[in-house]
Amino acid sequence: MSRNDQTILIVEDEPSLIFTLRDTLENEGYTTLVAEDGNKALQILDETIPDLMILDVMLPGMSGFDVCKSIREKKLLFPIIILTARDQEIDKVTGLNIGADDYITKPFGVKELLARIQARLRRNLDYHKNRTDTLHLGDVVIDLGHSVVQRPDGESIDLTTREVELLRFLSGFPNEPVTRKALLEHVWRYEQSTSTRTVDVHISKLRSKIELQPDEPRYLVTMHGVGYMLKMKDHR
Ligand code: CA
């Protein structure tokens, strides 16, 4: 069994570097997945979500930047470390602007890479901890810390852990559409026997708790063909 139970997706086309990365990471107890180009990387992401991705910029076909952009557009938030060639300062700036978390310049030492990976994985955990505890949806107040919904008529309704996680994730993107797939990634972590239908069922249950008229939701709305959106009026 792997020591740390974390999966790293390597997106790189250079065989010798793939070999080195795999060898190094697996020795450290990480599970690795490899994609030689951007399309393959996106295919892998349809099936599974890694804890971190190492992404080369210069790839055949789709560039590493486009891969990164496309991942962030899907609201997939695992850390991405970009590999750039020496002296590509412009690339570093571009990379951070399109949602990469860090970059490392080739050639790099194995120890440096491992340190960056560990730092990113730690920070990602911190990010999940650092979140708001009260949501105001009109006159409905949701206390996420205590998993309870206070409705304007005075009624309070308990939320399940899953419902709290759903709300936490959706409220991280107020007034923005979030795909079912992103919800599966973050709220269910792709547990066995989950499907986008699972998401729909939970959303429907959640609506009955937080919406005054669940059949005509005002806050947790469906974005047809995309997923869901949490409308938060006061959010700037
Ligand atoms: Ca390359």
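Up top is the structure.
Owing to the predicted nature of the structure, the values given are computational and were not obtained by experimental measurement.

Q: Is there a simple way to explain the pattern of salt bridges in this structure?
A: Two side chains carrying opposite charge are able to pair once their charged atoms lie near each other. For the coordinates displayed, the defined rule picks out ten salt bridges. Across the pair E26 and R22 runs a salt bridge whose closest N-O atoms are separated by 3.7 Å. Of this pair, E26 and R22 both sit in helix α1 (residues 15-27), four residues apart, roughly one helical turn. For R116, the salt bridge is made with E112, and the minimal N-O distance between the two is 2.8 Å. Taken together, the positions of R116 and E112, both in helix α5 (residues 110-129) and four residues apart, correspond to about one turn of that helix. Among the residues examined, R116 registers a relative accessible area of 22% and is labelled partly exposed. Among the residues examined, E112 registers a relative accessible area of 39% and is labelled partly exposed. One network of salt bridges, with partners in common, ties together E12, D56 and K106.

Q: What is the right way to look at the coordination of the calcium ion in this model?
A: For a metal bound by four donors in a tetrahedral arrangement, the ideal donor-metal-donor angle is 109.5 degrees, while six donors in an octahedral arrangement ideally sit at 90 or 180 degrees. Protein-derived coordination of the calcium ion comes from D13 (OD), D56 (OD) and M58 (O), at a distance range of 2.1 to 2.3 Å. Among the residues examined, D13 registers a relative accessible area of 32% and is labelled partly exposed. Accessibility expressed as a relative area gives 3% for D56, which makes it buried.

Q: Help me understand the sheet that holds strand β7 (residues 140-143), please; the structure alone is not making it clear to me.
A: Strands belonging to one sheet form pairs held by backbone hydrogen bonds; the direction of such a pair is parallel or antiparallel. Here we have four strands laid out as an open sheet, ordered β6-β7-β8-β9, and antiparallel in their pairing. Looking at strand neighbours, the two that pair on one side only are β6 (134-137) and β9 (156-158), the edges of this open sheet. Looking at each pair of strands side by side, their axes are set apart by 20° on average, direction ignored. In terms of strand pairing, strand β8 (residues 148-150) meets β9 through three bridges, oriented antiparallel.

Q: Can you walk me through the sheet that holds strand β12 (residues 227-230) in this structure?
A: If you trace the three strands from one edge of the open sheet to the other, you get β10-β12-β11, paired in antiparallel fashion. For this open sheet the edge positions go to β10 (178-179) and β11 (220-223), each flanked by a neighbour on one side alone. Bridging between β10 and β12 involves two bridges; their strand directions are antiparallel. Of the residues in β12, the one forming a bridge with T179 is G227. Set on the sheet, helix α8 (residues 196-210) makes contact with β11 and β12; between it and β11 the angle comes to about 145°.

Q: Would you mind going over the packing of aromatic side chains with me for this structure?
A: In this description, an aromatic ring pair is defined by two values, namely the gap between the centres and the angle between the planes. This model, assessed by the stated rule, comprises one aromatic pair. Here the guanidinium or amino end of R72 rests over the ring plane of F78, the centre of that ring lying 6.0 Å away.

Q: Is there a simple way to think about helix α6 (residues 161-171) in this case?
A: Note: α-helices contain 3.6 residues per turn, so residues at a spacing of three or four share the same orientation. Among the eleven residues that make up α6, eight are buried, leaving the element largely enclosed by the rest of the structure. Along α6, the residues classified as buried are E163, V164, L166, L167, R168, F169, L170 and S171.

Q: What exactly am I supposed to notice about the packing of α6 against helix α7 (residues 180-188) here?
A: When two helices pack together, their arrangement is given by the angle between the helix axes and the distance between those axes. As a packed pair, α6 and α7 sit with axes 10 Å apart at the nearest point and diverge in direction by 125°. One element, α6, and the other, α7, form an angle in the oblique class. Relative to α7, α6 is oriented so that their crossing is right-handed. Residues R162, E165, L166, F169 and L170 of α6 pack against A182, L183, H186, V187 and W188 of α7. Taken together, the residues of the contact of α6 with α7 break down into seven nonpolar, one polar and two charged.

Q: How do you make sense of the nonpolar core when you look at a structure like this?
A: Nonpolar side chains in soluble globular proteins generally cluster together in the buried interior. Core analysis: the biggest nonpolar cluster contains 29 residues, and L137, I142, L167, L183, I210, L220 and L230 have the highest contact counts within it. Apart from residues no more than four positions distant in its own chain, L183 is found in contact with L166, F169, L170, V178, W188, V199 and Y228. A35, V57, F78 and I98 belong to the second-largest nonpolar core, a separate cluster that totals 22 residues.

Q: Help me understand the packing of helix α2 (residues 38-47) against helix α3 (residues 64-73), please; the structure alone is not making it clear to me.
A: Two elements in contact, α2 and α3, have axes separated by 9 Å at closest approach and are oriented at 25°. In terms of orientation, α2 and α3 fall into the roughly parallel class. Classified by chirality, the crossing of α3 by α2 is right-handed. Contact residues: G38, L42 and L45 in α2; V67, S70 and I71 in α3. For the contact of α2 with α3, a count of residues per class yields four nonpolar, two polar and no charged.

So, how was this worked out
- Residues numbered from 1 in each chain as written.
- Predicted model: local features only at pLDDT ≥ 70, side-chain atom pairs only at ≥ 80, totals over all residues.
- Heavy atoms only, no water.
- Salt bridge = Lys/Arg side-chain N within 4 Å of Asp/Glu carboxyl O.
- Helix = DSSP H or I, 4+ residues; strand = E, 2+ residues; numbered from the N terminus.
- Buried < 20%, exposed > 50% of the residue type's maximum accessible area, 1.4 Å probe, protein only.
- Donors = N, O, S within 2.8 Å, 3.2 Å for Na, K, Ca; no water.
- Pairing = 2+ DSSP bridges.
- Axes fitted to C-alpha atoms, helices over the stretch in contact; angles between N-to-C directions.
- Contact = heavy atoms within 4.5 Å.
- Phe/Tyr/Trp six-rings, centres within 6.5 Å; stacked < 30°, edge-to-face > 60°.
- Lys NZ or Arg CZ within 6 Å of the ring centre and 35° of its normal.
- Parallel < 35°, antiparallel > 145°, perpendicular 65-115°, else oblique.
- Left-handed = near helix turned anticlockwise from the far one by under 90°.
- Nonpolar A, V, L, I, M, F, W, Y, C, P; charged D, E, K, R; others polar.
- Core = buried A, V, L, I, M, F, W, Y, C linked by side-chain atoms within 4.5 Å.

Nothing here speaks to function; it is all geometry.
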